[in-house]
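Spelled out, the chains give:
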Amino acid sequence: MTNNHFQNDPTQSWVAGLIDWSVANKFFVLLGALILLSAGLYSTVKTPLDAIPDLSDTQVIIRTDYAGQAPQVVEDQITYPLASQMLGLPNTKVVRGYSMFGTSFIYVIFEDDIDLYWARSRTLEALSQVQSQLPQGVSPQLGPDATGVGWVYQYALVDKSGKQDLSQLRSLQDWFLKFELLTVDGVAEVASVGGFVKEYQILVDPNRLRAFNIPLTKVAQAVREANAEVGGRTLELAESEFMIRSRGYVSTLQDLQQTVVGSNKGVPITLQDIATVQAGPAGRRGMVELNGEGEVVGGIVVMRPGANALTVIEDVKKRLAEIKSGLPEGVEIKAVYDRSKLINGSIEYLWHKLLEESLMVALVCFI
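In short, a report on the structure.

Calculation notes
- Residues numbered from 1 in each chain as written.
- Predicted model: local features only at pLDDT ≥ 70, side-chain atom pairs only at ≥ 80, totals over all residues.
- Heavy atoms only, no water.
- Pairing = 2+ DSSP bridges.
- Helix = DSSP H or I, 4+ residues; strand = E, 2+ residues; numbered from the N terminus.
- Axes fitted to C-alpha atoms, helices over the stretch in contact; angles between N-to-C directions.
- Contact = heavy atoms within 4.5 Å.
- Expected span 1.5 Å × (residues − 1).
- Buried < 20%, exposed > 50% of the residue type's maximum accessible area, 1.4 Å probe, protein only.
- Arc of directions from axis to C-beta.
- Polar contact = N/O pair within 3.5 Å; in protein donor to acceptor, adjacent residues only side chain to side chain.
- Parallel < 35°, antiparallel > 145°, perpendicular 65-115°, else oblique.
- Left-handed = near helix turned anticlockwise from the far one by under 90°.
- Phe/Tyr/Trp six-rings, centres within 6.5 Å; stacked < 30°, edge-to-face > 60°.
- 1 Å grid on protein atoms, 1.4 Å probe; cavity = no way out; pocket = protein on both sides within 12 Å on 5 of 7 lines; lining within 4 Å.
- Points joined across faces, edges and corners; volume = space filled by probe spheres on them.
- Salt bridge = Lys/Arg side-chain N within 4 Å of Asp/Glu carboxyl O.

Another point: the sheet that holds strand 5 (residues 151-159). Strand order across the open sheet formed by 4 strands is 6-13-5-14, with antiparallel pairing between neighbours. Edge positions in the sheet fall to strand 6 (187-194) and strand 14 (331-338), since each has one partner strand and no second. The sheet shows a mean angle of 20 degrees between the axes of neighbouring strands, taken without regard to direction. Against the sheet, helix 11 (residues 309-323) touches strand 5, strand 6, strand 13 (297-303) and strand 14, its axis set at about 20 degrees to strand 5.

Right under this line is the structure:
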């Protein structure tokens, strides 16, 4: 009776039929096995590898600079209008606003199943609608398309020879290394930290302003107009076309010093007559220090969500190795944080554990 029961079972007959077909068609069975093996190897190579799972929310950050304004003013004129507008976005969970001295941050958190780039496009649409409610000259900006765990690599620029100061190293980072690393596939942002940002500084003497009877607003307007180019029309001469323009971009301190801000009995009053023009560091609210040896300039590489962290880090290392020859003499790039070590260590640990478990299962089955 038991044998008849198994013979009448449709599952058992289906399995028996599959076994008979496999025995009779060995070529197709081997071909299917090779296809599955190839697909497995391909997925193993292409699967993004990371040691830290990305469980962060779909989030868009809006940063707005309002220089020189108190947190309460930033809250009333920037944070509140932006946060109110973002509340109307579809599929949002939370909208958080933070106001601080001269800066406003808005964090818009969407539902988990929302695509990040869809969320960013809808946020841009909302920003275009609220722009008219913001103070003149204020322009909100979206943060990079990255998540909280996108920080995969960090390096420091060190010059032990002493030939380059912190402002020169920061300029090297902002205008050379940063642009080179942004070309690496999968990199969303290269944030510069530490050092000093070089800028032109005009230290106006109020006593001289009073003596020449020149308001401060006129000085600001003169500096603004002096740092601009004016285009003209084209002039045709001898069957050739020449373009007329006025070149006025400031490139040296002397250009600023010779800026005319007024006149006194027909004698031009220049900026150097009423102010001290110098190159100096911009104000900063933080610093970067390395191993207790002093200040350095650093760069933080942030990858895009969904990118292969291990591949991005390796590509960043290759690009840094390629551009080392273009650095000034004595300047070195030191890795400060490298997640690839953690990723490779995790993969090696997982490989050993899987091998041990496989051998144990095989041994139990054999026994």
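It is worth spelling out helix 5 (residues 116-130) at this point. An ideal rise of 1.5 Å per residue puts 21 Å on 15 residues; helix 5 measures up with 21 Å between its terminal C-alpha atoms. Listing the buried residues of helix 5 in full gives Leu116, Ala119, Arg120, Thr123, Ala126, Leu127 and Val130. Projected onto a plane normal to the axis of helix 5, the buried residues spread over an arc of 125 degrees and lie on a single side. Every exposed residue of helix 5 that faces more than 90 degrees away from the buried side is listed here: Ser128 and Gln129. The secondary structure elements touched by the buried residues of helix 5 are strand 1 (59-65), helix 4 (71-86), strand 3 (103-110) and strand 4 (141-142). Where helix 5 begins, the capping side chain belongs to Asp115, and its oxygen is found 3.1 Å from the backbone nitrogen of Tyr117.

Quick look at the environment of Gln131 now. Take Gln131: it is sitting in the loop between helix 5 and strand 4. The partly exposed category is assigned to Gln131, whose relative accessible area is 33%. With 164 residues separating them in the primary sequence, Gln131 and Glu295 have C-alpha atoms 39 Å apart.

Residues spaced three or four apart along an α-helix face the same direction, because each turn holds 3.6 residues. Counted at 1.5 Å a residue, the expected span for helix 12 (residues 339-366) with its 28 residues is 40 Å, and the 41 Å between its end C-alpha atoms agrees. Buried within helix 12 are the following residues: Arg339, Ser340 and Ile343. Looking at the buried side of helix 12, the elements it contacts are strand 5, helix 11 and strand 14.

Our focus in this paragraph is the packing of helix 11 against helix 12. Contact geometry of helix 11 with helix 12 gives a least axis separation of 9 Å together with a crossing angle of 135 degrees. As the angle between them shows, helix 11 and helix 12 are arranged oblique. In the crossing of helix 11 with helix 12, the sense of the turn from one axis to the other is left-handed. Where helix 11 approaches helix 12, its residues Ala309, Leu310, Ile313 and Lys317 are matched on the opposing element by Arg339, Ser340, Ile343 and Asn344.

Applying the stated criterion to the full structure yields 4 aromatic pairs. Taken together, a centroid distance of 5.5 Å and an interplanar angle of 75 degrees make the contact between Phe27 and Phe28 edge-to-face. Plain terms: the ring middles of Trp175 and Phe179 are 6.1 Å apart, the flat faces sit at 70 degrees to each other, and that makes the pair edge-to-face. Of this pair, Trp175 and Phe179 both sit in helix 6 (residues 166-182), separated by 4 residues, roughly a single helical turn. Through successive ring pairs, a cluster of aromatic residues spans Tyr98, Phe105 and Tyr107.

With that out of the way, let us pick up the sheet that holds strand 2 (residues 92-100). Within the open sheet, the 4 strands sit side by side as 2-3-1-4. Their pairing is antiparallel. Of all strands in the sheet, those bounded by a partner on one side alone are strand 2 and strand 4. Sheet topology places strand 2 next to strand 3; 8 bridges connect them, and they run antiparallel. Along strand 3, the bridge assignment pairs Thr92 with Phe110. Across the sheet, helix 4 touches strand 1, strand 2 and strand 3, and the angle it forms with strand 2 is around 165 degrees. Lying over the sheet, helix 5 contacts strand 1, strand 3 and strand 4, oriented at roughly 35 degrees with respect to strand 1.

Turning to the layout of surface pockets, a few remarks are in order. Volume-wise, the largest pocket comes out at about 770 Å³. Every residue lining the largest pocket is counted, 23 residues in all, and those nearest its centre are Ile61, Phe105, Gly143, Pro144 and Glu189. Counting only elements with at least two residues in the lining of the largest pocket, the list comes to strand 1, strand 3, strand 4, strand 6 and strand 13.

Tallied over the full model, the rule gives 13 salt bridges. With its nearest N and O atoms 3.7 Å apart, the salt bridge here joins Asp57 to Lys93. Here Asp57, found in the loop between helix 3 (26-46) and strand 1, pairs with Lys93, found in strand 2; they are 36 residues apart in sequence, far enough to count as distant. Lys93 sits in the partly exposed class, given a relative accessible area of 40%. Here Glu125 makes a salt bridge to Arg122, at a shortest N to O gap of 3.2 Å. On the criterion of helical spacing, the pair formed by Glu125 and Arg122 is a turn pair, its members being 3 residues apart in helix 5.

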